[in-house]
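Each chain, written out:
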Amino acid sequence: MNEGMERTPLTRDFFDRPVLEVAPDLLGRILVRTTDAGPMELRLTEVEAYAGEIDPGSHAFRGRTARNSVMFGPPGHSYVYFTYGMWHCLNLVCGPEGRASGVLLRAGEIGIGAEQARKRRFSARNDRELAKGPARLATALDVDRALNGVDVVAGPQGPLSVLTGTPPPRDQVRSGPRTGVGGDGSHQPWRFWIDGDPTVSPYRAHVPRRRST
C-alpha cells in the first residue's frame, strides 16, 4: 500500500457492516484527533466488538436509552461514555443503522502529537503506554463526552476522523475474550489485537465489584 492510500479517509461504507467485520478491520487504521493544540494521530492496535441488543456485554443490550442512542446509528459516528466516575472511553459505531453496535478503541501507538499526549498522560513510563488501554487512549487524545456523536467520516476538518493506514497481515491478528466483561457476555472472543505489538494492553478477566453492606 502506497503512502497516498494510507492517508485516504475511511468512508461510511466501511462502518456500514457487521461489527465482527469492522472490528478486526480497524487494526492498523489511523485515528486522527484534531485539537486546539494541533493534530494527533494514533495507529490502532487493539479493539473490542460490541453487538448491541444481542450482546449481554453491550450498553445497548436492553434497548435504546439517552446514553446509548448514538450506538443505533448512523454508522461512522463516535460513541463516548463515562465509566467508574472518572474515565472516558471512545467507540466507533458501525451499521446497519437502527441496530446498535460499536467498536471500543482499546489501544494504539501515538505518532504525531505524542508531545500533547505526554502532558495528559504524565504517569506513562514511556510512549508505548500513552494509549495502552481504553481510558488511557481517551485521556491521551483529550476525548470526553463533548465528542459523543461526532461524525468521523465528515472530513478532516472535524475533531475525529479515520485514515486507511496499513492493516496488518491476517496472520498477525489475534482474538480472545473481551477484557473486564462479566456474565453472559464474557466468553465471546471479540477482542482483536495485533500480535506482538508493545502498545496492546494486557488481558484482565472481569472482577465483580463489591457492594457495601
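Caption draft 1: Representation of the packing of aromatic side chains within the structure. Applying the stated criterion across every chain yields a total of two aromatic pairs. Judged by centre distance (5.1 Å) and plane angle (75°), the rings of Phe14 and Phe15 are edge-to-face. The exposure class assigned to Phe14 is buried, which follows from its relative accessible area of 11%. On the basis of relative accessibility, which here comes to 0%, the residue Phe15 falls in the buried class. In this structure, Arg191 packs its charged tip against the face of Trp193, placed 4.2 Å from the ring centre.

Caption draft 2: Representation of the nonpolar core in the model. Counting residues in hydrophobic clusters, the biggest one holds 40 residues, and the most contacted among them are Phe15, Leu26, Val103, Leu105 and Ile110. When residues in this core are grouped by element, the largest group, five residues, is from strand β2 (residues 38-50). The residues touching Val103, leaving out its near neighbours within four places in the chain, are Val19, Val22, Ala23, Leu26, Val47, Glu48, Leu90, Asn91, Leu92 and Cys94. Judged by nonpolar contacts, the second largest core, of 12 residues, contains Ala60, Phe72, Tyr79 and Val93.

Caption draft 3: Representation of the pattern of salt bridges in the model. All told, the structure shown has 14 salt bridges when counted by the stated rule. Residue Glu41 is joined to Arg7 by a salt bridge in which the shortest nitrogen-to-oxygen separation is 2.7 Å. Taken together, the residues span a long stretch of sequence, with Glu41 in strand β2 and Arg7 in the loop between α1 (3-6) and α2 (12-15) at a distance of 34 residues. Looking at Arg7, the relative accessible area reads 42%, which means it is partly exposed. When the shortest N-O distance is used, the salt bridge between Arg106 and Glu48 registers 3.8 Å. Of this pair, Arg106 sits in strand β5 (residues 102-110) while Glu48 sits in strand β2, and the two are 58 residues apart along the sequence. Look at the salt bridges and you will find they share partners, linking Glu46, Glu48, Arg106 and Arg191 into a network.

Caption draft 4: Inspection of the environment of Phe14 at higher detail. Note that Phe14 resides in helix α2. Spatially, the C-alpha atoms of Phe14 and Pro96 are 11 Å apart, while their sequence positions differ by 82 residues. Not counting residues up to four positions away in its chain, the partners in contact with Phe14 are Val22, Asp25, Leu26 and Arg29.

Caption draft 5: Representation of the layout of surface pockets in the model. Considered as a void within the structure, the largest pocket measures approximately 1400 Å³ in volume. Forming the walls of the largest pocket are 39 residues, and the residues nearest its centre are Tyr81, Thr83, Tyr84, Thr179 and Gly180. The greatest single-element share of the lining of the largest pocket, amounting to four residues, is contributed by strand β3 (residues 78-83). Tallied by class, the residues present in the lining of the largest pocket amount to 17 nonpolar, 12 polar and 10 charged.

Caption draft 6: Spatial organisation of the pairing of strand β1 (residues 30-35). Within β1, five of the six residues are buried, leaving the element largely enclosed by the surrounding structure. With six bridges joining them, β1 and β2 adopt antiparallel strand pairing. Considered in β2, the bridge of Ile30 is made with Arg43. Taken together, β1 and the strand that follows it, β2, pair antiparallel across an intervening segment of two residues. Bridge count between β1 and strand β6 (residues 160-163): four bridges; the pairing is antiparallel. Bridging across to β6, Arg33 finds its partner in Leu160.

Definitions and cut-offs
Residues numbered from 1 in each chain as written. Predicted model: local features only at pLDDT ≥ 70, side-chain atom pairs only at ≥ 80, totals over all residues. Heavy atoms only, no water. Phe/Tyr/Trp six-rings, centres within 6.5 Å; stacked < 30°, edge-to-face > 60°. Buried < 20%, exposed > 50% of the residue type's maximum accessible area, 1.4 Å probe, protein only. Lys NZ or Arg CZ within 6 Å of the ring centre and 35° of its normal. Core = buried A, V, L, I, M, F, W, Y, C linked by side-chain atoms within 4.5 Å. Helix = DSSP H or I, 4+ residues; strand = E, 2+ residues; numbered from the N terminus. Contact = heavy atoms within 4.5 Å. Salt bridge = Lys/Arg side-chain N within 4 Å of Asp/Glu carboxyl O. 1 Å grid on protein atoms, 1.4 Å probe; cavity = no way out; pocket = protein on both sides within 12 Å on 5 of 7 lines; lining within 4 Å. Points joined across faces, edges and corners; volume = space filled by probe spheres on them. Nonpolar A, V, L, I, M, F, W, Y, C, P; charged D, E, K, R; others polar. Pairing = 2+ DSSP bridges.

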